[in-house]
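Here's the letter readout for the chains.
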Amino acid sequence: MTTAQDIERSVARIRERAPQSAPRLGIVLGSGWQGVVALVDEATTIAYAELPAFPLLGVAGHAGELVLGRLGGDEVAVL
């Protein structure tokens with residue numbers, strides 16, 4: 001079960017790794033996400049394993065990463 005403390009620690013880690021990031025759009029994709037992630041400029045990648053509020057993935061082929069950056073001029077979070 002995810003706790004408020006897990007969420008706070010995850011937010012702190014994201015802010016630490018990408019302090020200027022302020023995504024206005026979240027994009028949730030499946031295992032074929034590499035094509036979209038390749039288009040993200042100024043990308044910061046954070047493994048889900050570093051974020052206590054995020055699940056550990058057990059599915060082969062899933063990167064299990066949060067990618068923050070710019071896509072088409074907009075700040076995005078790609079999961």
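Residues numbered from 1 in each chain as written. Predicted model: local features only at pLDDT ≥ 70, side-chain atom pairs only at ≥ 80, totals over all residues. Heavy atoms only, no water.

Asker: Tell me about the sheet that holds strand β2 (residues 41-47), and name the residues and values.
Answerer: With mixed pairing, the four strands of this open sheet are ordered in space as β1-β4-β3-β2. The sheet is open, and its two borders are formed by β1 (25-27) and β2, each paired with just one other strand. The sheet shows a mean angle of 20 degrees between the axes of neighbouring strands, taken without regard to direction. Two strands pair when backbone bridges link them, and β1 and strand β4 (residues 74-78) are joined in this way by three bridges, in the parallel orientation. Paired with G26 across the bridge in β4 is A77. (Pairing = 2+ DSSP bridges. Helix = DSSP H or I, 4+ residues; strand = E, 2+ residues; numbered from the N terminus. Axes fitted to C-alpha atoms, helices over the stretch in contact; angles between N-to-C directions.)

Asker: So what's going on with the pattern of salt bridges? Which residues, and what values?
Answerer: A full pass over the atoms with the stated rule returns five salt bridges. In this structure, the salt-bridge partner of E50 is R17, at a minimum N-O distance of 2.8 Å. Separated by 33 residues along the polypeptide, E50 in the loop between β2 and β3 (65-71) and R17 in helix α1 (residues 4-17) bring together distant segments of the chain. Taking relative accessible area as the criterion, R17 reaches 33% and is therefore assigned partly exposed. The shortest N-O distance in the salt bridge between E75 and R70 comes to 3.6 Å. We classify R70 as partly exposed; its relative accessible area is 28%. Bridged by salt links that share partners, the residues R13, E16, R17 and E50 form one connected network. (Salt bridge = Lys/Arg side-chain N within 4 Å of Asp/Glu carboxyl O. Buried < 20%, exposed > 50% of the residue type's maximum accessible area, 1.4 Å probe, protein only.)

Asker: Before we move on, can you summarise the side chain of S10 with the specific residues and values?
Answerer: Examined against the element boundaries, S10 turns out to sit in helix α1. By relative accessible area, which is 3% here, S10 ends up buried. Only 2.9 Å separates the side chain of S10 from the backbone nitrogen of A53, close enough to count as a polar contact. When residues no more than four places from it in sequence are discounted, the contact partners of S10 are L51, P52 and A53. (Polar contact = N/O pair within 3.5 Å; in protein donor to acceptor, adjacent residues only side chain to side chain. Contact = heavy atoms within 4.5 Å.)

Purely geometric stuff here, so don't read any function into it on its own.
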